[in-house]
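# Observations on the model geometry
Residues per chain, in single letters:
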Amino acid sequence: MLNSQKFGLELYENLGKVFYALASADGTVHIKEIDHLRSFIRSYWLHIDDVEDEYGSDAAFRIETTFDWCLEYDKKSADCLQQFNMFYKEHYNLFIPEVKRLILDTANAMAKAYAGKNKAELIVLSKIEILFTEHG
């Protein structure tokens, strides 16, 4: 696998983690949040690049599978956010402005999906924005 493809797959896995961190920040992942994530993956994320996984599927589906894995294993929101932060700081060059904007758009849509944005979700959104501002 090409190095850039390996990092592309890791990028999508870490996006799954950050979106899970947002959705689970309030202690509950709502089906509407999952539906919005899946919709954004199919409508926007599939068109970002041509990276495929080892099975020939668009790598953007790794967002969904990682999110589902985190949900199934009841991962902690803070841990997932920390893993995303570390990946971002190590590979900030993968986060072109279009990707950053789409991350924030996806996260905002998910946060609004169920009864509007709550305090826990606003905190995660702010941490993502600060990360993007302070580190490239």
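Before any of the text, the structure's been laid out above.
Residues numbered from 1 in each chain as written. Predicted model: local features only at pLDDT ≥ 70, side-chain atom pairs only at ≥ 80, totals over all residues. Heavy atoms only, no water.

## Section: the overall build of the protein chain
Scanning the protein chain for helices and strands turns up six helices and zero strands. Put simply, the protein chain runs from its N terminus to its C terminus through helices and strands in the order α-α-α-α-α-α. Relative to the compact-globule value of 14 Å for 136 residues, the protein chain shows a C-alpha radius of gyration of 14 Å, a close match. With the C-alpha coordinates aligned to their principal axes, the bounding extent of the protein chain is approximately 40 × 30 × 25 Å. Out of the 136 residues belonging to the protein chain, those deemed buried represent 45%. Here the contacts in the protein chain between residues at least 6 apart in sequence split such that 76% fall between residues at least 24 apart. As presented, the protein chain carries roughly 7,400 Å² of accessible surface, and 52% of it is formed by carbon and sulfur atoms. (Helix = DSSP H or I, 4+ residues; strand = E, 2+ residues; numbered from the N terminus. Rg over C-alpha atoms; globule rule 2.2 N^0.38 Å. Buried < 20%, exposed > 50% of the residue type's maximum accessible area, 1.4 Å probe, protein only. Contact = heavy atoms within 4.5 Å. Areas by Shrake-Rupley, 256 points an atom, 1.4 Å probe, with all protein chains shown as cover.)

## Some points on the nonpolar core
Core analysis: the largest hydrophobic core is formed by 42 residues, its most contacted members being Leu 15, Phe 19, Trp 45, Phe 67, Phe 95 and Ile 103. Of all the secondary-structure elements, those providing two or more residues to this core are helix 1 (3-23), helix 2 (31-43), helix 3 (61-72), helix 4 (77-90), helix 5 (97-113) and helix 6 (119-134). Counting residues per element, this core draws most heavily on helix 1, at 10 residues. Leu 15 has contacts with Trp 45, Ile 63, Phe 84, Phe 95 and Ile 103, leaving out every residue within four places of it along the chain. (Core = buried A, V, L, I, M, F, W, Y, C linked by side-chain atoms within 4.5 Å.)

## Digging into the packing of helix 4 against helix 6
Interhelical geometry of helix 4 versus helix 6 gives an angle of 10° and a closest axis separation of 11 Å. Classified by the interaxial angle, the pair formed by helix 4 and helix 6 is roughly parallel. Residue-level contacts link Leu 81, Phe 84, Asn 85, Tyr 88 and Lys 89 of helix 4 to Val 124, Lys 127, Ile 128, Leu 131 and Phe 132 of helix 6. In terms of residue class, the contact of helix 4 with helix 6 is built from seven nonpolar, one polar and two charged. (Axes fitted to C-alpha atoms, helices over the stretch in contact; angles between N-to-C directions. Parallel < 35°, antiparallel > 145°, perpendicular 65-115°, else oblique. Nonpolar A, V, L, I, M, F, W, Y, C, P; charged D, E, K, R; others polar.)

## Describing helix 6
Look at helix 6: 22 Å from first C-alpha to last across 16 residues, which is about the 22 Å you get at 1.5 Å a residue. The complete set of buried residues in helix 6 reads Glu 121, Val 124, Leu 125, Ile 128, Leu 131 and Phe 132. Each buried residue of helix 6 lies within a common arc of 120° when the element is viewed along its axis, so the set occupies one face. More than 90 degrees from the buried face of helix 6, the exposed residues found are Lys 119, Thr 133 and Glu 134. Where helix 6 begins, the side chain of Asn 118 points an oxygen toward the backbone nitrogen of Ala 120, at a separation of 3.1 Å. Where helix 6 terminates, the next one or two residues include Gly 136, which has phi positive at roughly 90°. (Expected span 1.5 Å × (residues − 1). Arc of directions from axis to C-beta. Polar contact = N/O pair within 3.5 Å; in protein donor to acceptor, adjacent residues only side chain to side chain.)

Fair warning: the whole summary comes from geometry, so function is off the table for now.
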